Amino acid sequence: MSTTHAPELSSAAAAFDIRRTDAPRDDVERAALLESPAFGTVFTDHMARITWTADGGWQDRRVEKHGPLLLDPAAAVLHYGQEIFEGLKAYRHADASVWTFRAHANAARFAASARRLALPELPAEDFLGSIEALVATDAAWVPDGDETSLYLRPFMYASESFLGVRPARAVEYLVIASPVGPYFASGVHPVAIWVAEDFHRAGPGGTGAAKCGGNYAASLLPQQEAYEKGCEQVCFLDAATNTQLEELGGMNVFLVGASGTVTTPALSGTILEGVTRSSVIALLRAAGREVVERSIPLAELRTGLQDGSVAEVFACGTAAVVTPIGRLAGEDFDLTVGDGATGTVTAAVRRELTDIQYGRVPDPHGWMHRLV
Ligand SMILES: *Cc1c(COP(=O)(O)O)cnc(C)c1O
């Protein structure tokens, strides 16, 4: 066990009134649920919550029983989709302590998403305090198996009952938590990607750089098309020219050249700036590798896969960490990446990142923050 004591709750977390459920799941039930949860299906006993009104600001910070929300059918979110979210994880280390990874970056991105969706910006201390308060309350739900974690889902929506079209004057912020195992039940394996040439998830001046539900709504039909073509995920192209790689529905994309140089689409305003993306760039650069952020034409990738100048392709995001891509297909092409197996650079950066997250190696970048 750890020789250090669990940290005191910060003042930001102490601002939350802890209203424990009188019917928590018992140890036996929780152990059964933690056995092998499919992604996003099991939730902890509590959720964190803050209410906002235009007149009163952020108020009523609390942790309460996880349960259904009371929503008027006229609630603005149900009609105009004024909603944003985040995704991050709490990791249990070998000494039983619990840590988050770069949560400040999620807090900053949440505020930026709020600005774009004309929602109120949640102060970073409330974002971080809500996570700390919830994880401290539901600490027993942080699993300790290999590649397991507690997935945290902060979100905010327009709760005001009003059908007029303007930013809502009443908003709810919540954090729910879900214990998760490895994203792919069968372990990390290369996935097939369908390149959507008829649909886009975001356009110039749109909401592509914000983490909002609407972007995901726009990605579901092309995602369905990808499944029908025998692929697991879609890769979107830029809406302006339909020629440049952007990202997958919920993951950023990287190419590894045969020369060892890594490239990834530059942040153009239509791509979501992943925390994993920025961490992967930092890890690759710290290992002495050249990483270039620029526009990547689909035509260049196709040629590169054919002539071998592109050796590896991978996607990355919090949920699935680093996912190798073994095949890339579209209306008039179907290409294998390398020999179709996980590449060495992909495997190494995945390992380096998870070693830091699970505390198996020192954290030279100061990315980890202890919660429990
Ligand atoms: C959340 C998300 C990502 C990955 O971001 P991380 O911070 O790495 O989890 C990538 N693309 C989209 C569209 C996303 O919503």
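Note that this is a predicted model, so its numbers are computed, not measured.

Engineer: It is not clear to me how the overall build of the protein chain should be interpreted in this structure. Could you clarify?
Structural biologist: Summing up its helical and strand segments, the protein chain has 9 helices and 18 strands in all. Computed over C-alpha atoms, the radius of gyration of the protein chain comes to 21 Å, within 12% of the 21 Å expected from 2.2 N^0.38 for 372 residues, which places it in the range of a compact globule. Seen through its principal axes, the protein chain has C-alpha atoms that stretch 60 × 55 × 35 Å. Counting over 372 residues, the protein chain shows a buried share of 51%. Intrachain contacts of the protein chain at a sequence separation of at least 6 include 72% that bridge at least 24 residues. Summing over all exposed atoms, the protein chain offers an accessible surface of approximately 16100 Å²; the carbon and sulfur share of this is 54%. Side-chain charges of the protein chain comprise 30 positive and 46 negative groups, with the mean position of each set lying 3 Å from the other.

Engineer: Could you clarify how one ought to interpret empty space enclosed by the protein in this entry?
Structural biologist: Empty space among the atoms becomes apparent when a probe as large as a water molecule is rolled across them. Tallied over the full model, the rule gives 2 cavities of 30 Å³ or more. Quantified by volume, the largest cavity comes out at close to 110 Å³. Along the wall of the largest cavity there are 13 residues; nearest its centre are Tyr91, Phe101, Thr276, Thr318 and Gln357. Breaking the lining of the largest cavity down by element, the ones donating at least two residues are strand 5 (88–92), helix 7 (275–286) and helix 9 (344–357). Of the residues forming the lining of the largest cavity, the biggest block, 3 residues, is contributed by strand 5. Partitioned by chemical class, the residues of the lining of the largest cavity number 6 nonpolar, 6 polar and 1 charged. In this structure, the lining of the largest cavity is formed jointly by two domains, domain 1 (11–181) and domain 2 (191–357), each of which donates at least three residues. Here the second largest cavity defines a volume of roughly 40 Å³. Every residue along the wall of the second largest cavity is listed here: Ile193, Cys235, Leu245, Leu248, Val253, Leu255, Leu301, Val313, Ile325 and Leu328. Mapped onto the lining of the second largest cavity, the elements with two or more residues apiece are strand 11 (245–248), strand 12 (252–257) and strand 16 (321–330). Residues of the lining of the second largest cavity, tallied by class, amount to 10 nonpolar, no polar and no charged.

Engineer: Can you help me understand the domain arrangement of the protein chain in this one?
Structural biologist: Many authors give the size of an interface as the accessible area that is lost as the parts come together. Here the domain parsing of the protein chain yields domain 1 (11–181) and domain 2 (191–357). Centre-to-centre, using C-alpha coordinates, domain 1 lies 28 Å away from domain 2. Domain 1 puts 20 residues into the contact, and the matching count from domain 2 is 22 residues. Here domain 1 packs against domain 2, burying approximately 1700 Å² in sum over the two surfaces, 56% of which is carbon and sulfur. Inspection of the domain 1/domain 2 interface yields 1 salt bridge. Note that Glu147 is salt-bridged to Arg350, the shortest N-O span being 3.2 Å. At the junction of domain 1 with domain 2, the criterion picks out 13 residue pairs in polar contact (both at pLDDT 80 or more).

Engineer: I tried to follow the packing of helix 7 against helix 9 on my own but got confused; where do I start?
Structural biologist: Each packed pair of helices is defined by two parameters, the angle between the axes and the distance between the axes. At a minimum axis distance of 10 Å, the contact between helix 7 and helix 9 shows a crossing angle of 105°. Classified by the angle their axes make, helix 7 and helix 9 are roughly perpendicular. Counted together, Thr276, Ser279, Val280, Leu283 and Leu284 of helix 7 and Val345, Val349, Glu352, Leu353 and Ile356 of helix 9 form the full contact between these two elements. When grouped by side-chain class, the residues that make up the contact of helix 7 with helix 9 number 7 nonpolar, 2 polar and 1 charged.

Engineer: What is the right way to read the layout of surface pockets from this model?
Structural biologist: There is about 700 Å³ of room inside the largest pocket. Taken together, 35 residues make up the lining of the largest pocket; nearest its centre are Tyr151, Arg153, Tyr216, Gly250 and Ala319. It is helix 6 (residues 213–228) that contributes the most residues to the lining of the largest pocket, 5 residues altogether. When grouped by side-chain class, the residues that make up the lining of the largest pocket number 16 nonpolar, 14 polar and 5 charged. Residue assignment places the lining of the largest pocket across two domains, with domain 1 (11–181) and domain 2 (191–357) each supplying three or more.

Parameters and conventions
- Residues numbered from 1 in each chain as written.
- Predicted model: local features only at pLDDT ≥ 70, side-chain atom pairs only at ≥ 80, totals over all residues.
- Heavy atoms only, no water.
- Helix = DSSP H or I, 4+ residues; strand = E, 2+ residues; numbered from the N terminus.
- Rg over C-alpha atoms; globule rule 2.2 N^0.38 Å.
- Buried < 20%, exposed > 50% of the residue type's maximum accessible area, 1.4 Å probe, protein only.
- Contact = heavy atoms within 4.5 Å.
- Areas by Shrake-Rupley, 256 points an atom, 1.4 Å probe, with all protein chains shown as cover.
- Lys, Arg positive; Asp, Glu negative; His and termini not counted.
- Charge placed at Lys NZ, Arg CZ, Asp CG, Glu CD.
- 1 Å grid on protein atoms, 1.4 Å probe; cavity = no way out; pocket = protein on both sides within 12 Å on 5 of 7 lines; lining within 4 Å.
- Points joined across faces, edges and corners; volume = space filled by probe spheres on them.
- Nonpolar A, V, L, I, M, F, W, Y, C, P; charged D, E, K, R; others polar.
- Domains from an automatic or database assignment.
- Buried area = accessible area lost by both parts, 1.4 Å probe.
- Salt bridge = Lys/Arg side-chain N within 4 Å of Asp/Glu carboxyl O.
- Polar contact = N/O pair within 3.5 Å; in protein donor to acceptor, adjacent residues only side chain to side chain.
- Axes fitted to C-alpha atoms, helices over the stretch in contact; angles between N-to-C directions.
- Parallel < 35°, antiparallel > 145°, perpendicular 65-115°, else oblique.

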